[in-house]
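Next come the chains, spelled out residue by residue.
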Amino acid sequence: MHAPFEEDRTWRSTMALISNGGEIPLPIVSGRMRPMRGEGKFSKCAIRVLERNGQTSATIAWSDATSCCYGEQLWRRCIARKSGVCALSGQTIARGDAVYRPRRARPAPRNVDAMILATVMEATPVEEAV
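Structural notes, computed from the coordinates. (Residues numbered from 1 in each chain as written. Predicted model: local features only at pLDDT ≥ 70, side-chain atom pairs only at ≥ 80, totals over all residues. Heavy atoms only, no water.)

**Here's the deal with the nonpolar core**
Our working definition: Residues grouped as a nonpolar core are buried Ala, Val, Leu, Ile, Met, Phe, Trp, Tyr and Cys residues, joined through side-chain atoms within 4.5 Å. Only protein chains enter the calculation, and the probe is 1.4 Å; a residue is then buried if its accessible area is under 20% of its type maximum, exposed if over 50%, and partly exposed in between. In this text, helices come from DSSP runs of H or I with a minimum length of four residues, and strands from runs of E with a minimum of two, each type numbered from the N-terminal end.
The biggest cluster of nonpolar side chains holds 22 residues, and the ones touching the most others in it are Ile47, Trp62 and Ile116. Counting only elements with at least two residues in this core, the list comes to strand S2 (46-53), strand S3 (57-64), strand S4 (68-79), strand S7 (98-102), strand S8 (116-117) and helix H2 (118-123).

**Details of the pairing of S4**
Note the cut-off: Here a strand pair is declared whenever DSSP counts at least two bridges between the two strands.
Across 7 bridges, the pairing between S3 and S4 is antiparallel. Paired with Asp64 across the strands is Cys68, a residue of S4. The hairpin formed by S3 and S4 contains 3 residues between the paired strands. Here 5 bridges tie S4 to S7, and the two strands are oriented antiparallel to one another. Within S7, the residue paired with Arg76 across the bridge is Arg101.

**Digging into the environment of Val49**
For the record, the criterion: Note on contacts: a residue pair is in contact if any heavy atoms of the two residues lie within 4.5 Å.
Checked against the element boundaries, Val49 lands in strand S2. Filtering out sequence-adjacent residues up to four positions away, Val49 remains in contact with Thr59, Ile60, Met121, Thr124, Pro125, Val126 and Glu127.

**Let's talk about the pattern of salt bridges**
Side-chain pairs of opposite charge can arise where the charged atoms are in close proximity. Filter applied, for reference: We count a salt bridge whenever a side-chain nitrogen from Lys or Arg sits within 4 Å of a carboxyl oxygen from Asp or Glu.
This structure, assessed with the given rule, holds 1 salt bridge. With its nearest N and O atoms 2.3 Å apart, the salt bridge here joins Glu122 to Arg77. Of the two residues, Glu122 sits in helix H2 while Arg77 sits in strand S4, which places them 45 residues apart along the sequence. Taking relative accessible area as the criterion, Glu122 reaches 33% and is therefore assigned partly exposed. Relative accessible area serves as the criterion here: at 35%, Arg77 is assigned to the partly exposed category.

Following this line, the structure appears as structure tokens:
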């Protein structure tokens, strides 16, 4: 049975587009998907924290329909060497901030330049197994 209009995400998204005069609102997603906010190279991706491996690394799922999809990608905690934008929160990252970055590998992952602030990563709940 189909959900009532108030609970139907597709219907709500359509109505939001109509009522906003065509202005596109932030996407309506489940609480388990974390779309990247802000303007940046990876502004259309969804990120899920799958596991934390102590205080120095985490496993995430990264999905970007325009460039790459990694079901389980290891990210390591380090210090930002340059400024950027946090992939989870859209907050500004300054050089010297504690961040998580994809582990270097060969070939280099398509999202090798992405960063997530350590405070944001550590505050994000781990996705429960389905």
